[in-house]
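# Fold and contact review
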Amino acid sequence: MSKTYPINKSEDDWKTQLSEDEYRVLREKGTEYPHTGKFNLHFENGDYHCKACNAKLFESEHKFESGCGWPSFDEAVEGAIEYIRDTSHGMIRTETVCANCGSHLGHVFNDGPRDTTGQRYCINSVSIDFDASKD
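The structure reproduced in this document is the subject of the present report. Per-chain numbering applies: the sequence of each chain, read as written, is numbered from 1 onward. In keeping with the predicted nature of the model, local features appear solely for residues at pLDDT of at least 70, side-chain atom pairs appear and are counted solely at 80 or more, and the whole-chain, interface and lining totals rest on all residues. Side-chain numbers here rest on the full set of heavy atoms in the structure, without hydrogens or water.

### What about the state of the cysteines?
What counts as a disulfide here is a pair of cysteine sulfur atoms lying within 2.5 Å. Taken as a whole and judged by the stated rule, the model has 0 disulfides. Here C68 is not cross-linked by a disulfide; its sulfur's nearest cysteine counterpart is in C122, at 3.8 Å. Categorising residues by exposure relies on relative accessible area from a 1.4 Å probe, with only protein chains included: less than 20% of the type maximum marks a residue as buried, more than 50% marks it as exposed, and the intermediate range marks it as partly exposed. Here C122 falls in the buried class, since its relative accessible area comes to 12%.

This is the structure:
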């Protein structure tokens, strides 16, 4: 059973739109190597959007350096993320996907900054785009 999202494209359409790496991560639930993503150490002011559908996911004021090797945020835009139980690779984790198109973003963990939400959204750089112009 597959869920229908507001943005619903065929996998052939996604393959046409996305690069090979973007498709592997966003549509096949892959990951990029740690410390390789362009947004890992990126701290400009702006918003982060889904690479597949451009939905706003995160705001720069919620980004922090976690040392994990992937872009980390302590909070997502309300309603922008869907949370899915992930038991792959012998672990129990919470996968994050774009609530607008269902594309895989990464995972969320409860080891983030305790002075904020306590959450760490561990997101693949290839899953997001950055917009320096704030709403």
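### What about the environment of H49?
Looking at the secondary structure, you find H49 in strand β1 (residues 47-50). The exposure class of H49 is buried, given its relative accessible area of 10%. For the pair H49 and E59, spaced 10 residues apart in the sequence, the C-alpha separation amounts to 9.0 Å. Within the structure, H49 has its side chain in polar contact with the backbone oxygen of N54 (distance 2.9 Å). Helix and strand assignments follow DSSP, with helices taken as H or I runs no shorter than four residues and strands as E runs no shorter than two, numbered in order from the N terminus. Polar contact is the term for a pair of N or O atoms within 3.5 Å; when the atoms are in protein, one must be able to donate a hydrogen and the other to accept it, and sequence-neighboring residues count only if both atoms are side-chain atoms.

### Considering the nonpolar core
Within the largest apolar cluster, 24 residues are counted, with the highest numbers of intra-cluster contacts made by L57, F58 and C98. Listed by contribution, the elements that provide at least two residues to this core are α2 (20-26), β1, β2 (56-59), β7 (104-109), β8 (120-123) and β9 (128-131). The contact definition used throughout considers only heavy atoms, calling two residues in contact when any of these lie within 4.5 Å. Excluding residues within four positions of it along the chain, L57 makes contact with Y48, H49, C50, A76, V77, A80, I81, C98, L105 and I128. Take the buried residues of types Ala, Val, Leu, Ile, Met, Phe, Trp, Tyr and Cys, join any two whose side-chain atoms come within 4.5 Å, and each joined set is a nonpolar core.

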